[in-house]
Amino acid sequence: MIHSLPRSLLTRAASGAYVASFFAFLFLPLIVVAVFAFNDANYPAPPWRGFTADWFIGGVGRVGLFADRPLLASLGTSAIVAAWVTVLSVAVGAANAFLLERVRFRGKSLLALAMLAPLVIPGVILGISILAFASRLAQFADDFIGVELEFLRPGLPLVVIGQFSYIVSIATLMIAARLKRFDTTLEEAALNLGASRAGVLRTITLPYLQPALVGAGAIAFLMSFENFNTTLMLVGSDPPLTVMMYGRMREGASPVLNAVSLFLMIASALLALALLQRPDARQD
Amino acid sequence: MPDLDLEVDRVSKRYGAHLAVDDLSLAVGRGSFFSILGPSGCGKTTLLRLIAGFLEPDSGDVRIGGRSMRGVLPNRRPVNMVFQHLALFPMMSVGENVGYGLARRGAAQPLIRERVATMLKRVGLPGAEGKRIDQLSGGQKHRVAIARSLVLEPTLLLLDEPLGALDLKLREHMKIELKQLQADFGTTFVYITHDQSEALVLSDHVAVMSAGRFEQVGTPQELYYQPRTPFVAGFVGANNRLTGAAARADGHFVELESAQGLTVQARPSGPIAAGDVVEAFVRPEVVSLAHDAAELAPMQRFVGRVESLLFDGANSAVLLRELRTGTEFRVALPQTGEFADLREGEQVAFGFDPQRAVCFEVTRT
Amino acid sequence: MTATASADLAAPRTRLALFLLFAPALIWLLGLIVLPHVDLAALSLRARVAPRTYEFSFANYRTFIDEPLYWHTFVRTAAMSIIATACTLLIAFPTAWYIVKIARGQAKSMLLVLCLIPFWVSETVRTLGWMILLRESGVVPHFLVALGITAQPVELLYHDATILVGLVYTSLLFMIVPLANALESLDDALIEAAYDLGGNAWSILRQIVIPHAAPGIAAGSIVVFMLTLGNYLTPTLLGGKNSLWFTEQIYAQFITRFNWEQGAAFGFLLLMLSTAIVWLGLAVSGQRFGDVMRRA
């Protein structure tokens, strides 16, 4: 049952085998993707035809990742979108956290609940509702004011807005959880020692919140980078990476996709490592 | 009045229907150690926060160093505070904690470093600048909290029950250390506590507070030997308390008759007339024991049976039950070791000088 | 008394500061959540009678009922999502148990991190992995032939089971984390006591572990169900044309056919289904929404 109770050899073997196969199941798809990034064939499928780096640097009749301009462009698009979503989510999430933890007003519990609602709205529906509402606003502006509001048409600004609309809920949760544990007498002590209100925020409160801000930022960046459902509904002419990959996977994959996937895996692993190394960051 | 560092002038603070501080005045002389002693909920924390500026009084004024603090924000007051749980900044080193206030004043780094080093040396933590807060022991944290405030050379240092969270042994030690620090720096300390022993040991003057008002302000000796209200008599030090009616009374003594029929004589505090409802207090160490009642003359004398023995080293006492009425008395055992062999159930005579017991009229409020 | 006072002090004092705190939350919730959904509801309740002329109508919802393909897809999506959620729970529970209650020290935290890693990588990448594994020319059929189990490579993509595998795989993390959190707070001494009092594995599981882990189970199941229902990528790529997933219908109406009124109606139906099941899950397990989301 638990580690402190006697377990028969058979139970031990069975539970060990179960967990081993669970992790095999978990990692199999990733390993396959990584391995076939180096297979010397035009199609990511067995049998193994030898090692090649063509799918990164290019080869005879083959376009490698580093020369695949549309793919690289989509990678850049994803990074720009994710950067915007991160900045907006952390900033608004922090403001929300202060609102929930520091201000007393009527209807606060209702507002707190409303802030969680985006997490239970399917991403596709978030996407279409924002798409429809934005185009109604654009139509309205066009009809009555005579201005063409380009950013309300499908495109990257809408993608940023769509992703932000639910990622900010997660950022709010993470930052508010840490702010809740903050001992406000630290702020009083700082005031008592002569700090101004802005000084207290800068030298005491924000440094205390920093792990949560960084953590929320990393999660926001990652969720934005990975987002597909909401993005698909709002995307315009320049697709982010997930949408680009989806399109190519439907057409029949080339190992370049494996190459870019491997790149993503390494990048996320590095990001994860960097975050886990930080002391204090894991408690959220 | 140039020598007053703190004057509280008829200050009131109300929370809804609850009057936390009730038209209270107080003056603290330069360089003294002043304690405010009271049970939790008596308003002492509110008073401290009014002085620090975390609260604004509804009426009245707080003057620090002769200057009115009305409308002065907490970060502009020449007052520093040691918080109940110290509120050391966990994300900063010891040096950064102590230098925090100087840095906020815009002092230059070399100056801050020098002042912090000097300060840490004075509180007995030389070279501790680089340590993290969680590497310090409980006593060291206290010293850092005090150093962090005193480095700013405040007119007034407020201390909000800072020893409350410590274990007994460390608390005893920190009491002595705190008194030495105060004498060494000469800064005016205003200390709030619910622990009468802290207040008595540390202070030049103590104010006993109850329900938003001061019951009595005086030296520890005055509070102990000449309590002016039943509350002070009951709160400061251990006391035997007897209630009843004044059977006889003149300006110098009262004879109290309790409901159980016990008659005791005591010194009156304030005017008391025969027939008044009164309360008398007799300290355990005022009561003498004797195997033979005759030894106790000319004191008033009683005979009691030993109920239980409360051995606590120098503070040992015995609980007696007066034979005739069953009234319980706590009596200190003499330091000489005499009566150390008392047994439960034994009979013993006891008595006390009426002038060393005090009697108050019970005022109904 | 002290708490009130410190809350006062910590609270923003000026009107400007208050406004600056309220504004982002209100713009976000009203502008990006409430109004768009109200607009979506309005959109779903109108029908085009002439170019640029619309009137109030339930026509879009009637189409849903009249056209078997639509409601078949709807019911199928809901049923598959429930099955996927149940499978995820059954697969994740023993693993969460092993990580929390059997693994010790370093191994414990390492296994938990190991669970997280695949989910740091995009769902697109993970689905690509499954496609390479399962398609006719893929790794698994290749090995089945090599091992002599099948004579010809078989197509393992485009089956319902494949969709389930993909959905369960994608959802595992969202189940493991709340389960592990719930089990972590279960005192080992309770299990030891039950064992000591003669309980067997099954009775301990049923009477002690599951009641204690119920909040975690509810949180994980609700999140997994919601994510599965709204998934688009996995069913379309692993199920191909046969996947018949309801989100595809929404996408088709909105993007392919440009029939936004119909798409809005479908979107609203999906939202209602999702909300109903989330609510039902909360009601059955006696949980509160806020607590559940914080756990997840």
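No experiment lies behind these values; they were computed from the predicted model shown. (Residues numbered from 1 in each chain as written. Chains lettered and ligands numbered in written order. Predicted model: local features only at pLDDT ≥ 70, side-chain atom pairs only at ≥ 80, totals over all residues. Heavy atoms only, no water.)

## Describing the pattern of salt bridges
Then step 1. The final tally for this structure, using the stated rule, is 30 salt bridges over all chains.
Then step 2. The shortest N-O distance in the salt bridge between Arg49 of chain B and Glu188 of chain A comes to 2.7 Å. Here Glu188 of chain A lies in helix α7 (residues 185–192) and Arg49 of chain B lies in helix α1 (residues 44–52), a pairing that spans two chains.
Then step 3. The exposure class assigned to Glu188 of chain A is buried, which follows from its relative accessible area of 1%.
Then step 4. Residues Arg248 of chain B and Glu255 of chain B are paired through a salt bridge, measuring 2.7 Å at the closest nitrogen-oxygen approach.
Then step 5. Here Arg248 of chain B falls in the partly exposed class, since its relative accessible area comes to 46%.
Then step 6. According to the relative accessible area criterion, Glu255 of chain B is buried, its value standing at 13%.
Then step 7. Through salt bridges with shared partners, one network takes in Glu7, Asp9, Asp61 and Arg63 of chain B. (Salt bridge = Lys/Arg side-chain N within 4 Å of Asp/Glu carboxyl O. Helix = DSSP H or I, 4+ residues; strand = E, 2+ residues; numbered from the N terminus. Buried < 20%, exposed > 50% of the residue type's maximum accessible area, 1.4 Å probe, protein only.)

## Focus on unusual backbone geometry
Then step 1. In this structure, Pro47 of chain A follows Pro46 of chain A across a cis peptide bond, with omega equal to 0°.
Then step 2. The topology assignment puts Pro47 of chain A in the loop between α1 (9–35) and α2 (54–57).
Then step 3. Backbone geometry places Arg10 of chain B, a non-glycine residue, at a positive phi of 50°.
Then step 4. With respect to the secondary-structure elements, Arg10 of chain B resides in strand β1 (residues 4–15).
Then step 5. You will see that Leu244 of chain C, though not glycine, has its phi angle at about 45°, which is positive.
Then step 6. If you trace the backbone, Leu244 of chain C turns up in the loop between α11 (233–239) and α12 (246–256).

## What to know about the side chain of Gln182 of chain B
Then step 1. Topologically, Gln182 of chain B is positioned in helix α5 (residues 168–185).
Then step 2. On the basis of relative accessibility, which here comes to 7%, the residue Gln182 of chain B falls in the buried class.

## Topic: helix α3 (residues 109–122) of chain B
Residues separated by three or four positions in an α-helix point in the same direction, a consequence of the helix having 3.6 residues per turn.
All names here are of chain B.
Then step 1. For α3, with 14 residues, the first-to-last C-alpha span of 20 Å sits near the 20 Å given by 1.5 Å per residue.
Then step 2. Regarding α3, the residues found buried are Ile112, Val116, Met119 and Leu120. Buried residues in α3, looked at end-on, bunch into an arc of 95°, giving them a common side. Opposite the buried face of α3, by more than 90 degrees, sit the exposed residues Pro110, Glu114 and Lys121.
Then step 3. Backbone geometry just after α3 places Gly124 at a positive phi near 80°. (Expected span 1.5 Å × (residues − 1). Arc of directions from axis to C-beta.)

## Some remarks on the domain arrangement of chain B
All names here are of chain B.
Then step 1. Split by domain assignment, chain B resolves into domain 1 (4–232) and domain 2 (238–361).
Then step 2. Taking the mean C-alpha position of each, domain 1 and domain 2 sit 39 Å from one another.
Then step 3. Between domain 1 and domain 2, the contact holds seven residues from the first and eight residues from the second.
Then step 4. Summing both partners gives a buried area of about 640 Å² for domain 1 against domain 2, and 47% of it is carried by carbon and sulfur.
Then step 5. Of all residues in domain 1, the largest losses of buried area upon contact with domain 2 belong to Tyr224, Pro227 and Pro230, amounting jointly to 71% of the total for that side.
Then step 6. Counting every contact that joins domain 1 to domain 2 gives zero salt bridges.
Then step 7. Connecting domain 1 to domain 2 are two residue pairs in polar contact (both at pLDDT 80 or more).
Then step 8. For the side of domain 1 that touches domain 2, the element with the most residues is helix α7 (residues 220–225), which contributes three residues.
Then step 9. Class assignment of the residues belonging to the side of domain 1 that touches domain 2 gives a composition of five nonpolar, one polar and one charged. (Domains from an automatic or database assignment. Contact = heavy atoms within 4.5 Å. Buried area = accessible area lost by both parts, 1.4 Å probe. Polar contact = N/O pair within 3.5 Å; in protein donor to acceptor, adjacent residues only side chain to side chain. Nonpolar A, V, L, I, M, F, W, Y, C, P; charged D, E, K, R; others polar.)

## Thoughts on the confidence of the model for chain A
Detailed reading of the predicted model is not advised wherever pLDDT is low.
Then step 1. Per-residue confidence for chain A averages 89 on the pLDDT scale, and 97% of its residues sit at or above 70.
Then step 2. Segment residues 280–284 of chain A is flagged for pLDDT under 50; beyond a separation of four residues in sequence, or across chains, it makes 12 contacts in the model. (pLDDT = per-residue confidence, 0-100.)

## Quick look at the domain arrangement of chain A
Many authors give the size of an interface as the accessible area that is lost as the parts come together.
Residue and element names in this part refer to chain A.
Then step 1. Split by domain assignment, chain A resolves into domain 1 (1–67 + 256–284) and domain 2 (68–252).
Then step 2. A C-alpha centroid distance of 29 Å is found between domain 1 and domain 2.
Then step 3. If you look at the interface, domain 1 gives 18 residues, while domain 2 gives 19 residues.
Then step 4. Applying the counting criterion to the domain 1 and domain 2 interface returns zero salt bridges.
Then step 5. Here domain 1 is connected to domain 2 by three residue pairs in polar contact (both at pLDDT 80 or more).
Then step 6. Classifying every residue of the side of domain 1 that touches domain 2 by side-chain character gives 12 nonpolar, three polar and three charged.

## Things to note about a nonpolar patch on the surface
Residue and element names in this part refer to chain C.
Then step 1. On the surface, Leu26, Leu30, Val34, Leu35 and Val38 cluster together into a nonpolar patch covering about 400 Å² of accessible area.
Then step 2. Its place among the elements puts Val34 in helix α2 (residues 15–44).
Then step 3. Note on Val34: relative accessible area 40%, which makes it partly exposed. (Patch = residues over 30% accessible without salt bridge, like charges linked within 9 Å, V, L, I, M, F, W, Y side chains within 5 Å. Areas by Shrake-Rupley, 256 points an atom, 1.4 Å probe, with all protein chains shown as cover.)

## Notes on the sheet that holds strand β5 (residues 67–68) of chain B
Residues and elements named next belong to chain B.
Then step 1. Spatially, four strands are ordered β2-β1-β4-β5 in an open sheet, and the strand pairing comes out antiparallel. Sheet topology places β2 (18–29) and β5 at the edges, where each strand pairs with a single neighbour.
Then step 2. Here strand β4 (residues 59–64) runs beside β5; their pairing, made up of two bridges, is antiparallel. Counted as the bridge partner of Ile64 is Arg67 from β5.
Then step 3. Strands β1, β2 and β4 of the sheet are contacted by α1, whose axis makes an angle of about 120° with β1. (Pairing = 2+ DSSP bridges. Axes fitted to C-alpha atoms, helices over the stretch in contact; angles between N-to-C directions.)

## So, the interface of chain C and chain A
Then step 1. Taken residue by residue, the interface counts 97 residues in chain C and 95 residues in chain A.
Then step 2. Three residues stand out in chain C for area buried against chain A, namely Trp28, Trp120 and Leu128 of chain C, and they jointly supply 10% of the buried area on that side.
Then step 3. On inspection of chain C and its partner chain A, the count reaches two salt bridges.
Then step 4. Between Arg136 of chain A and Asp39 of chain C there is a salt bridge; the shortest N-O distance is 2.3 Å.
Then step 5. Inspection of the chain C/chain A interface yields seven residue pairs in polar contact (both at pLDDT 80 or more).
Then step 6. Per-element tally for the side of chain C that touches chain A: the top contributor is α2 of chain C, with 16 residues.
Then step 7. A per-class count over the side of chain C that touches chain A returns 63 nonpolar, 21 polar and 13 charged.

## What about helix α5 (residues 123–145) of chain A?
Then step 1. For α5 of chain A, which comprises 23 residues, the first-to-last C-alpha distance of 32 Å matches the rise-based estimate of 33 Å (1.5 Å per residue) to within 8%.
Then step 2. Positive backbone phi, approximately 75°, marks Gly146 of chain A, located one or two places after α5 of chain A.

## As for the packing of helix α3 (residues 69–102) of chain A against α2 of chain C
Then step 1. Running from N to C, α3 of chain A and α2 of chain C cross one another at 115°; their axes reach a closest spacing of 8 Å. One way to sum up the angle between α3 of chain A and α2 of chain C is to call them roughly perpendicular. The crossing of α3 of chain A and α2 of chain C is left-handed. Across the interface between the two elements, Val92, Ala95, Asn96, Phe98 and Leu99 of chain A from α3 of chain A touch Leu21, Phe22, Pro24, Ala25 and Trp28 of chain C from α2 of chain C. (Parallel < 35°, antiparallel > 145°, perpendicular 65-115°, else oblique. Left-handed = near helix turned anticlockwise from the far one by under 90°.)

## Structural notes on the packing of aromatic side chains
Then step 1. A complete count under the given rule lists 36 aromatic pairs over all chains for this structure.
Then step 2. Centre to centre, the rings of Phe64 of chain C and Phe266 of chain C are 6.1 Å apart; their planes meet at 65°, and the pair counts as edge-to-face. One end of the pair, Phe64 of chain C, is in helix α3 (residues 59–66); the other, Phe266 of chain C, is in helix α13 (residues 260–285), and 202 residues separate them in sequence.
Then step 3. For Phe266 of chain C, a relative accessible area of 0% gives the class buried.
Then step 4. Over the ring of Tyr208 of chain A we find Arg178 of chain A, and its NZ or CZ is 4.1 Å from the ring centre. (Phe/Tyr/Trp six-rings, centres within 6.5 Å; stacked < 30°, edge-to-face > 60°. Lys NZ or Arg CZ within 6 Å of the ring centre and 35° of its normal.)

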